Amino acid sequence: MKTNQDVIQSLENKTAFRAGLKNGIPIGLGYLAVSFSLGIAAKTAGLTPLQGFVVSLLCMASAGEYVGFLSIAAGAAYVEIAIATLVANARYLLMSTALSQRMKPELSIKHRILMAFGITDELFGIAIARPGTLNPYYSYGAFITSAFPWALGTSLGIIAGNLLPLRLVSAF
């Protein structure tokens, strides 16, 4: 049987999740446009729209993805791609550290890992600006409404790169 505390926590989580969904919408729309040009780079590296979608869903970092796509296009070894991507994304370690200072000490490792996975510059900005301790459900909501447009934009960029004339692809 649920206690009053459990019910209150559940309501707080739902409210935080909805706020994250709402605050992530404009970020997601911006990501759709930015990731389109990453899709062009992914197309140049020989990725399919599905591959680009999965890569963008798993690595929501424009610098990291761009370095990865350039490395793939250059025929780099997996270790080189991993190291280049790690260096390009190192700033997220600092953001994770800053966010960890705002989490409840009893927050589970599962929530900490999921929150760390969903950090981008913009999502960090809206999370760190919230007062008090961070509710992981806020981060989950913001991530959901921004991750899928990011991945979709990459796929659309790959598709457009296959359809557009070479002059336009070069312009992107």
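This text goes with the structure placed above it.
Residues numbered from 1 in each chain as written. Predicted model: local features only at pLDDT ≥ 70, side-chain atom pairs only at ≥ 80, totals over all residues. Heavy atoms only, no water.

(A) Geometry of the overall build of the chain. Of regular secondary structure, the chain possesses 9 helices and 0 strands. For the chain, the succession of helices and strands along the chain, N to C, is α-α-α-α-α-α-α-α-α. In terms of principal-axis extent, the alpha carbons of the chain reach across some 60 × 30 × 30 Å. Counting all 172 residues of the chain, 38% fall into the buried class. Restricting to contacts in the chain with at least 6 residues of sequence separation, those with at least 24 account for 81%. As displayed, the chain offers around 9,900 Å² of accessible surface, 70% of which is attributable to carbon and sulfur atoms. Separation of charge centres in the chain, based on 12 positive and 7 negative side chains, amounts to 7 Å. (Helix = DSSP H or I, 4+ residues; strand = E, 2+ residues; numbered from the N terminus. Buried < 20%, exposed > 50% of the residue type's maximum accessible area, 1.4 Å probe, protein only. Contact = heavy atoms within 4.5 Å. Areas by Shrake-Rupley, 256 points an atom, 1.4 Å probe, with all protein chains shown as cover. Lys, Arg positive; Asp, Glu negative; His and termini not counted. Charge placed at Lys NZ, Arg CZ, Asp CG, Glu CD.)

(B) Representation of the packing of helix α7 (residues 121-128) against helix α8 (residues 136-163) within the structure. Interhelical geometry of α7 versus α8 gives an angle of 150° and a closest axis separation of 11 Å. Here α7 is positioned roughly antiparallel relative to α8, judged by the angle of their axes. Taken as a pair, α7 and α8 cross one another with a handedness that is right-handed. Residue-level inspection shows L123, I126 and A127 of α7 in contact with α8, the latter providing Y138, A142, F143 and S146. (Axes fitted to C-alpha atoms, helices over the stretch in contact; angles between N-to-C directions. Parallel < 35°, antiparallel > 145°, perpendicular 65-115°, else oblique. Left-handed = near helix turned anticlockwise from the far one by under 90°.)

Functional significance is not addressed by these values, which are geometric in nature.
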